[in-house]
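# Working through the structure, step by step
If you want the building blocks of each chain, they are given just below.
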Amino acid sequence: MKIQKIIVLSAFIAVLVFASCSNGSSSDGDSETDFNSKQALKFDLTNAKAIASVEESSSRNIAARASSSNLNSPLIKILEDSSVASILSIPSNAQGNISEIEKIINTQDKSGNKYLYIVFNGSSWFGYNGEDGEYINVNLSQLICVYEDGSYKDILGSNNNSSNPDWIEPYLKEYIQTDLNGCLYFIKRTNNNVSICKYDPVSQKTSNLTAPLEEINYSKFQMSQDGTKIFVSGNRYNYSSSSYGNSAYFIRYIPVQFPEDFKNIYYSSESYGNYGWVYQDSTDYFYYIQENKNKHGLYRIKTSTMEEEHFYKGEFISVNEEPKNTDYYNDYYLKTESGESVWPSSYNQLYSTSNGIWAQPNSYNSEKYFMKIVDNYGTYVGKTFDSVAPIGLYTYNDAFYFLNAILDSSGNETGAQNIYMFDTNSGKFENLFEKVPVELEIISYSAGNGKLYFSAVKGISLLNGTIDLETKEFTRLDTENKLTSIAAY
């Protein structure tokens, strides 16, 4: 459920967020300010187990926000004992406005260094009086990186003061990803030019991985875990064409080191039939579902060789081999373990875990089979799990976490949800809310450090809590603010 967030003018909030940016610059020509050295704003991530953004309308008045001892920050940390504390301290005389926090992403590199990325809905500004009495102005872009020592970097700040500032697409989770090196990948727009970008937290540099192009839209992209491959689907408007909305549709594989050598897995200026797709790092296979006049069913490609295979009647065969029956309406289905047939287009999301490829059904599809389609050996399985219908999927340690609608006696949704965990190794579903005393409408949640962290509402009342993933014990969090985004840290 998307909770409407309210943007407020707030000295406290503005300063808090902007502190995240170590290279802020003046909006009216003043010299660039190093906020780390001046300690105008300070992040304290010590002992944090999770980070959460607080809805701005939940914060208290300006005077209270200036007190770092109270929990009035737009960002708080959740500690091991489920208590909470403010992450930020700010100058008491700061004034300005700040955009709402859209998303929090936590990641770490192979050495265990942690990086916290914060995505705002828009750019922000604030000002305050420095120690020497000089009034200091700061602009903050949509995207910052916070380091473990409390320092920060404004990732898009170099172009923040221009008439055409860079901005990112925060509303699709596929647009913001990380790799095993702690790097962040995102879609950036400047005017109508769109490109996929990378931020390296070590070098603190941002680079384009694709050329900035006009009239292009990316519907999904995935990075390989080592950060060497990009897979992207989307469309580009073609005003010289008169077919299918003047667009060309594509799925592409792009080597990061040589992006000019991209390869089209699918390309058509006539029709669009792409459904779920995913790349599996452990096997170097790219799996995808298509249904159009040229291709039908489940396919996979080995990206090291670009050799393509087609699933046909329970086996993957070379696309150079002709199926025995070309009537795809009868033959190009996904066969379940029990012998039932499911149309490939019923699945618009594919997921990869260490033990296979999984398919989530379309929300409007009557065949709500959550399916394991391929095991980790590349063998087609077709095993279905239909005890619940997942609403969105969040993955952590080879388990899926998702909302499951609570139904009334007539089978209609009540508006409340449980959070379930599906263990992909055991094939078992678990209701993590079995010890939560009331039915709730979920706002946000995240799993990590052996716990599930969540924020929810019951009517006009808020309830924030943690669930122990082993015992399912529920503990209330020591905050009554609405938590709009949570990231285990």
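Since we're looking at a predicted model, the values are computed, not measured.

Take the overall build of the chain next. In terms of regular secondary structure, the chain is built from 4 helices and 42 strands. Of the contacts made within the chain by residues no fewer than 6 positions apart, 48% connect residues no fewer than 24 positions apart.

A few words now on the sheet that holds strand β21 (residues 247–255). Spatially, 4 strands are ordered β19-β20-β21-β22 in an open sheet, and the strand pairing comes out antiparallel. Of all the strands in the sheet, the pair left with one neighbour each is β19 (216–223) and β22 (263–268). Neighbour-to-neighbour, the strand axes of this sheet turn through a mean angle of 10°, independent of strand direction. Inspection of the sheet shows β21 paired to β22 by 5 bridges, in the antiparallel sense. Paired with Arg252 across the bridge in β22 is Asn264.

Quick look at the nonpolar core now. Counting residues in each nonpolar core, the largest one holds 31 residues, and the members touching the most others are Ile155, Phe186 and Tyr218. Mapped by element, the contributors of at least two residues to this core are β8 (114–120), β11 (143–147), β15 (184–190), β16 (193–200), β19, β20 (229–237) and β21.

Now for the sheet that holds strand β33 (residues 380–385). Pairing is antiparallel in the open sheet, where 4 strands are placed in the order β30-β31-β32-β33. Lying at the two open borders of the sheet, with one neighbouring strand each, are β30 (347–353) and β33. Going across the sheet, the axis of each strand differs from the next one's by a mean of 25°, ignoring polarity. For strand β31 (residues 356–361) and strand β32 (residues 370–375), the ladder comprises 4 bridges, and the chain directions are antiparallel. Across the sheet, the residue bridging to Ala359 is Met371, located in β32.

Here the focus is the side chain of Ser455. Within the fold, Ser455 resides in strand β39 (residues 451–458). Within polar-contact distance, the side chain of Ser455 engages the side chain of Asn464 at 2.5 Å. Dropping the residues within four chain positions of it, Ser455 is found in contact with Ile442, Ile443, Ser444, Leu463, Asn464, Asn481, Lys482, Leu483 and Ile486.

To continue, consider the pairing of β33. Regular strands place side chains that alternate from one sheet face to the opposite one. Both β32 and β33 contribute to a ladder of 4 bridges, which runs antiparallel. By the bridge assignment, Lys372 is partnered in β33 with Lys383. Remark: 4 residues form the turn of the hairpin made by β32 and β33, two consecutive strands paired antiparallel; Gly378 in that turn has positive phi of roughly 85°.

Counting through the fold element by element, Phe311 comes out in strand β26 (residues 307–312). Placed 15 residues apart in sequence, Phe311 and His296 show a C-alpha to C-alpha distance of 9.4 Å. With near-sequence residues (within four places) excluded, Phe311 lies in contact with Leu298, Phe316, Tyr333, Leu334, Lys335 and Tyr380.

Moving on, we come to the packing of aromatic side chains. The tally for this structure, following the rule as stated, stands at 31 aromatic pairs. Each ring, one from Tyr115 and one from Tyr147, has its centre 5.7 Å from the other, and the planes form 90°; the classification is edge-to-face. One end of the pair, Tyr115, is in strand β8; the other, Tyr147, is in strand β11, with 32 residues separating them in the sequence. The same class applies to Tyr115 and to Tyr147, which are both buried. In this structure an aromatic cluster arises from ring pairing among Tyr351, Trp358, Phe370, Phe385, Phe400, Phe402, Tyr420, Phe422 and Phe429. Here the guanidinium or amino end of Arg300 rests over the ring plane of Tyr285, the centre of that ring lying 4.4 Å away.

Structurally, Ile98 is set in the loop between β6 (95–97) and β7 (101–108). By relative accessible area, Ile98 is classed as buried at 2%.

Right, let's talk about unusual backbone geometry for a bit. Although it is not a glycine, Asn47 sits at a positive phi angle of roughly 65°. You can see Asn47 is positioned in the loop between β1 (42–43) and β2 (50–54). Even without being a glycine, Met306 presents a positive backbone phi close to 60°. Looking at the secondary structure, you find Met306 in the loop between β25 (296–302) and β26. By relative accessible area, Met306 is classed as partly exposed at 23%.

The next subject is the confidence of the model for the chain. Detailed reading of predicted coordinates is not advised where the pLDDT is low. Of all residues in the chain, 78% attain a pLDDT of 70 or more, and the chain-wide mean is 79. Predicted confidence for residues 1–39 stays below pLDDT 50, and this span has 132 contacts to residues more than four positions away or in other chains. Taken as a whole, residues 58–71 scores under 50 in pLDDT and shows 29 contacts with residues more than four places along the chain or in a different chain.

This part covers the pattern of salt bridges. This structure, assessed with the given rule, holds 10 salt bridges. In this structure, the salt-bridge partner of Glu80 is Lys451, at a minimum N-O distance of 3.9 Å. With a gap of 371 residues between them, Glu80 in the loop between β3 (75–78) and β4 (84–86) and Lys451 in strand β39 connect regions that are remote in the sequence. For Glu309, the salt bridge is made with Arg300, and the minimal N-O distance between the two is 2.6 Å. What emerges from the salt-bridge pattern is a single network uniting Lys49, Glu80 and Lys451.

Okay, the environment of Leu334 next. Along the chain, Leu334 falls in strand β28 (residues 334–335). Assessed through its relative accessible area of 0%, Leu334 is described here as buried. Other than its neighbours up to four places away in sequence, Leu334 contacts Ile289, Leu298, Phe311, Glu340, Ser341, Val342, Pro344, Tyr347 and Tyr380.

Calculation notes
Residues numbered from 1 in each chain as written. Predicted model: local features only at pLDDT ≥ 70, side-chain atom pairs only at ≥ 80, totals over all residues. Heavy atoms only, no water. Helix = DSSP H or I, 4+ residues; strand = E, 2+ residues; numbered from the N terminus. Contact = heavy atoms within 4.5 Å. Pairing = 2+ DSSP bridges. Axes fitted to C-alpha atoms, helices over the stretch in contact; angles between N-to-C directions. Core = buried A, V, L, I, M, F, W, Y, C linked by side-chain atoms within 4.5 Å. Buried < 20%, exposed > 50% of the residue type's maximum accessible area, 1.4 Å probe, protein only. Polar contact = N/O pair within 3.5 Å; in protein donor to acceptor, adjacent residues only side chain to side chain. Phe/Tyr/Trp six-rings, centres within 6.5 Å; stacked < 30°, edge-to-face > 60°. Lys NZ or Arg CZ within 6 Å of the ring centre and 35° of its normal. pLDDT = per-residue confidence, 0-100. Salt bridge = Lys/Arg side-chain N within 4 Å of Asp/Glu carboxyl O.

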